[in-house]
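Here is how the chains run, residue by residue.
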Amino acid sequence: MTEWLGLPALAATHGGQIDSLLGWIHVFMLILFVGWGSFIAYILVRFHKSRHPVADYTGMKSHNSTYVEIGVAVVEAILLIGFAIPMWAARVGSMPSASEALVVQVTGEQFAWNVHYAGADGKFGRTDITKIDAQENPLGLDRDDPNAKDDVTSLNQLFLPVNKPIIVRLRSKDVIHSFGVPEFRVKQDAIPGFTIPIWFVPNVTTAEMRTRTGNPEFQYEIACAQLCGLGHYRMRGFVIVQPADEFQKWLDEKSKEQSAPDPFK
C-alpha cells in the first residue's frame, strides 16, 4: 500500500491501519475525480453552443445527479463512521499504562525539541520556571529534587528502544508546535498549557531502516508540522531507534553523566 501512495517507509506497528485507510480514501477520491471529470466533459460536449444555439430554461429533469451526490455522502459517512472514528477510538482506548511503556516528555519551543527521560526511578524530577536557562537548562529541571537526580535530558535527540510501547507527553513552552514523525504515522499538536499524550510502538531500528532504504545517512526526523515563527524551517529533531540493550546502555551513561556534580560550580 505504501509504495503506490508514495508514503515514507513504515516503522510502527499501528501504521498498517493508517495506510489502509489512506489507501481507501485515495481510491475513492480517484473514482470521484474520474467520475466528475467525465461528467463535466460530457456536459461540455452535450450542451455545446453549436448544438443548442437557444438556451433551454427548463433545465435537466433527471434526478441522477441527486442519486450520485447521495451515494458520495454515504461513502464518506462509511469512511468516517465505519473506519476513521473506530480506529481513533481504538488507539485512544488501548493506550498502554506507564508501567509497561517508556514515557518521555517532549517539550517544543521556538525552535527546538527538548526531551526529558525519568531515569531509573521512573519518576520525573520537578521543574522550576526560575531555573530555566536557554543554554544549560531549557526545561528548568531542579537537580536538587531527589526524583531529578537520575533524569536525562537531550536537545533535538529522541532515543527510543525498538518493539516497546512509547508514550510521548507533548508540551509547549511558547506557541503551538506539531510533533510529526512520518515513518511512525504520528502527528500531534503541542499546545501551550496542555500535556497531550500520544503513543506508538517503533518496530524498525534506525540501523535496519538504513539497510532497507540503502541510505547510510538515514535518520527518523521530527518535523514541526505547524508554522510556529520565523525559525520554523529549522525546528528539526531526530529519533534514534535502538535495540533495547543499546538504548538502556545509552540511558544509563547519560544519567550518570548528567547527575555528576559540575566541577566548575
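The following paragraphs examine the structure supplied in this document. (Residues numbered from 1 in each chain as written. Predicted model: local features only at pLDDT ≥ 70, side-chain atom pairs only at ≥ 80, totals over all residues. Heavy atoms only, no water.)

With respect to the environment of Val-181
The condition is simple: In this text, helices come from DSSP runs of H or I with a minimum length of four residues, and strands from runs of E with a minimum of two, each type numbered from the N-terminal end. Throughout this description, buried means an accessible area under 20% of the type-specific maximum (1.4 Å probe, protein chains only), exposed means over 50%, and partly exposed covers the range between. By definition, residues are in contact when any of their heavy atoms lie within 4.5 Å.
Note on placement: Val-181 falls in strand β6 (residues 177-181). The buried category is assigned to Val-181, whose relative accessible area is 1%. For Val-181 and Ala-223, which are 42 residues apart along the polypeptide, the C-alpha to C-alpha distance reads 6.5 Å. Not counting the four nearest positions on each side in its chain, Val-181 is found in contact with Val-186, Tyr-220, Glu-221, Ile-222 and Val-239.

Some points on the pairing of strand β10 (residues 236-242)
Convention followed: If DSSP finds at least two bridges between two strands, the strands pair.
Burial within β10 is extensive, with 6 of its 7 residues counted as buried. The sheet contact formed by strand β9 (residues 220-224) and β10 spans 4 bridges and is antiparallel. Residue pairing across strands places Ala-223 opposite Arg-236, the latter belonging to β10.

Brief notes about the sheet that holds β10
For the record, the criterion: Angles here are taken between N-to-C directions and fall from 0 to 180 degrees, while the axes themselves are lines fitted to C-alpha atoms, restricted in helices to the stretch in contact.
What the 5 strands build is an open sheet, ordered β4-β10-β9-β6-β7; its pairing is mixed. Two strands bound the open sheet, and with one partner strand each, they are β4 (157-161) and β7 (186-190). Each adjacent strand pair in this sheet contributes to an overall mean axis angle of 25 degrees, direction not counted. Pairing of β6 with β9, which is carried by 2 bridges, proceeds in the antiparallel orientation. Bridge assignment links Phe-179 to a residue of β9, and that residue is Cys-224.

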